[in-house]
Every structure is written in C-alpha cells, then in structure tokens.
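# Structural overview for review
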Amino acid sequence: AQSVTQPDIHITVSEGASLELRCNYSYGATPYLFWYVQSPGQGLQLLLKYFSGDTLVQGIKGFEAEFKRSQSSFNLRKPSVHWSDAAEYFCAVISGGSYIPTFGRGTSLIVHP
Amino acid sequence: KAGVTQTPRYLIKTRGQQVTLSCSPISGHRSVSWYQQTPGQGLQFLFEYFSETQRNKGNFPGRFSGRQFSNSRSEMNVSTLELGDSALYLCASSRPTGDEQFFGPGTRLTVL
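The structure presented is a predicted model; accordingly, all values stated were derived computationally and were not measured. (Residues numbered from 1 in each chain as written. Chains lettered and ligands numbered in written order. Predicted model: local features only at pLDDT ≥ 70, side-chain atom pairs only at ≥ 80, totals over all residues. Heavy atoms only, no water.)

## Brief notes about the overall build of chain B
Let me state the cut-off plainly: Each helix corresponds to a stretch of at least 4 residues labelled H or I by DSSP, and each strand to a stretch of at least 2 residues labelled E; elements are numbered beginning at the N terminus. With C-alpha atoms as the basis for the radius of gyration, the globule rule is written as 2.2 Å multiplied by the number of residues raised to the power 0.38. The classification of residues rests on relative accessible area computed with a 1.4 Å probe and restricted to protein chains. Under 20% of the type maximum is buried, over 50% is exposed, and intermediate values are partly exposed. Two residues form a contact once any of their heavy atoms are found within 4.5 Å. Residue-level accessible areas treat just the shown protein chains as cover; the underlying method is Shrake-Rupley with a 1.4 Å probe. Charge convention: Lys and Arg are scored as positive, Asp and Glu as negative, and His as well as the terminal groups of each chain are ignored. We put the charge of a Lys on NZ, of an Arg on CZ, of an Asp on CG and of a Glu on CD.
For chain B, the helix and strand inventory stands at zero helices and 11 strands. The order of helices and strands in chain B, counted from the N terminus, is β-β-β-β-β-β-β-β-β-β-β. For chain B, the C-alpha radius of gyration of 13 Å lies close to 13 Å, the compact-globule estimate for 112 residues. Expressed as lengths along the three principal axes of its C-alpha atoms, the size of chain B is roughly 40 × 25 × 25 Å. Within the span of chain B, comprising 112 residues, buried residues form 52% of the whole. For chain B, the proportion of contacts with a sequence separation of at least 24, taken over those separated by at least 6, is 53%. Element-wise, carbon and sulfur atoms account for 49% of the exposed surface of chain B, whose accessible area totals about 5100 Å². On chain B, the mean spot of the 12 positive side-chain charges and the mean spot of the 7 negative ones are 4 Å from each other.

## Considerations on the interface of chain A and chain B
Selection rule: Accessible area, probed at 1.4 Å, shrinks when two parts are joined; the buried area is that loss added up over both. Any carboxyl oxygen of Asp or Glu that lies within 4 Å of a side-chain nitrogen of Lys or Arg is treated as forming a salt bridge with it. Here a polar contact is recorded for every N or O atom pair within 3.5 Å, except that within protein the pair must consist of a potential hydrogen donor and a potential acceptor, and residues adjacent in sequence are included only if both atoms are side-chain atoms.
Between chain A and chain B, the residue contacts involve 17 residues of the former and 24 residues of the latter. Interface area, chain A with chain B, both sides summed: about 1600 Å², of which 56% is carbon and sulfur. The largest share of the area that chain A buries against chain B comes from A:Tyr99, A:Ile100 and A:Arg105, three residues that together contribute 35% of it. Counting across the chain A and chain B interface gives one salt bridge. B:Glu100 is the partner of A:Lys49 in a salt bridge, and the nearest nitrogen-oxygen pair spans 3.1 Å. Taken together, the links from chain A to chain B amount to five residue pairs in polar contact (both at pLDDT 80 or more). When residues of the side of chain A that touches chain B are traced back to their parent elements, those giving at least two are strand S5 (32-38), strand S6 (44-50) and strand S10 (87-94) of chain A.

## Some thoughts on the pairing of strand S3 (residues 19-24) of chain B
All names here are of chain B. Just so we agree on the cut-off: Two strands qualify as a pair provided that DSSP identifies no fewer than 2 bridges between them.
With three bridges connecting them, strand S1 (residues 5-7) and S3 associate as antiparallel partners. Counterpart to Thr 5 in the pairing with S3 is Ser 24. As paired strands, S3 and strand S8 (residues 74-78) are joined by five bridges and run antiparallel to one another. Bridge pairing in S8 links Leu 21 to Met 76.

## Overview of the pattern of salt bridges
Residue and element names in this part refer to chain B. If you walk through the whole model with that rule in mind, you get 10 salt bridges over all chains. Linking Arg 63 and Asp 85 is a salt bridge whose minimum nitrogen-to-oxygen distance equals 2.8 Å. In this pair, Arg 63 is assigned in the loop between strand S6 (53-57) and strand S7 (64-68) and Asp 85 in the loop between S8 and strand S9 (87-94), connecting sequence segments 22 residues apart. Assigned by exposure class, Arg 63 and Asp 85 land together as buried. With a shortest N-O distance of 3.3 Å, Arg 73 and Glu 75 are connected by a salt bridge. Among the residues examined, Glu 75 registers a relative accessible area of 16% and is labelled buried.

## A word on the state of the cysteines
Rules: What counts as a disulfide here is a pair of cysteine sulfur atoms lying within 2.5 Å.
Summed over the entire model, instances satisfying the criterion amount to two disulfides over all chains. The side chain of A:Cys23 participates in a disulfide bridge whose partner is A:Cys91; the two sulfur atoms lie 1.9 Å from each other. Taking the torsion about the S-S bond as the criterion, the A:Cys23 to A:Cys91 disulfide, at about -65°, is left-handed. With A:Cys23 in the loop between strand S3 (19-21) and strand S4 (24-26) and A:Cys91 in strand S10, this residue pair connects regions lying 68 residues apart in the sequence. Assigned by exposure class, A:Cys23 and A:Cys91 land together as buried. Sulfur-sulfur distance for the disulfide between B:Cys23 and B:Cys91 comes to 1.7 Å. An S-S torsion of about -55° defines the bridge between B:Cys23 and B:Cys91 as left-handed.

Okay, here's the thing in structure tokens:
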C-alpha cells in the first residue's frame, strides 16, 4: 500500500540550531511532494513543493527540502531554527494520477530558547 | 485574494445530533476537499468535490456526506454524531490542475 512515513513524532531543538525533519514514501511513480506546517488551532500552510527538476527546493520561512529518489525521501531542513518555527510539520505525497495527497502523521517541533 | 474560509470555527454538539460545516474556497478554485484531523488518526481524507460532483471519497461511514454548489462553496454534514467525531475538520481548495492544496483554518467540532 502507498504510504508516507514521518519517523519522528517529536523533535526538540534549541533556537539557532539546525533542523532536519525526515519523510519517506512508498510510491511506484515519481510523486509530487509537499511539506506543510500547522500552528496550533490553525490550518495547514504550504512550505514548499517538488514536482520535477532540481531536487533541492527552496520554500518559505528559510526552509528547504531535498528529493532523493534512491532513498524515497524528501527531508525538510532549516539551517537555524527560530522559536516561531515551533509547530506541527506534515509531509504529503500525490502520485498515481490521484489529485488527493496522502499525509504523513506529522512531526511536532519543539524549540527551546 | 481571500483565502479559504470555514464556518463556524467552533461547534459543540451532543451525541445523536447532526451538524453542517461550510467551506468557501479561494476564488477560481473548483476543487474542494475535506479532511478530519484527530490526535490519534492524524489527517484523514473524507471526500473531494469538483464542479459539484464528488470525485474522490475516503473511507468514512455514510454518516459523513457533502455537497458542492455552483459557486464552488461546499458543505459537509455529519448525522447521528458520535463522541469519536470530535475533531478538527479542515477544508482545502485547489486549482483545476489539482496540485497544491490551500487549507482553511478548520472547524473544531466537539461532541459531548
């Protein structure tokens, strides 16, 4: 079955430290890949997306992600985390002709001062 | 351009009642999807409407239904509410090409 895995339920980092959130997927075809962020009580906001081309994509708020086909991964990174980055992060995948994304379970980011 | 709006933002209902949630998509977006978000199950897809037709459906019981109007606004209805229906219900709209989804702030439903 097709799936999206975010292996880390919670991640705690200190403000100013670097961040990497992991995302793995299991799809046969080249998927469309997304990262969304959700602040408490809010909807999801798109951080970045990958459809094709350069496998390193830049997003908003200083985030970037790298598509690695050989590892079926699309990890999200940020060189220096700010306290306002504390939120829930979701990886999502569209594949197989469907318009409906499949979401991972999310990773909760906690930022210590 | 205005974003996706959802009304109401908060609802409290009791078991057995029914509820209707509303979603207004971004202007020009014809696809509207609904999701249920709970701490235990994460984000689960309910259904998607495109041009007033249900195009995709998730794995939810028939108590969950929806519709879309000619102006692309959508409503979802839950009948015979159960405690387990307490959740954040998110609506998302997308362009006809159907790639990126734009989410509303959600409706927080509490069933007592």
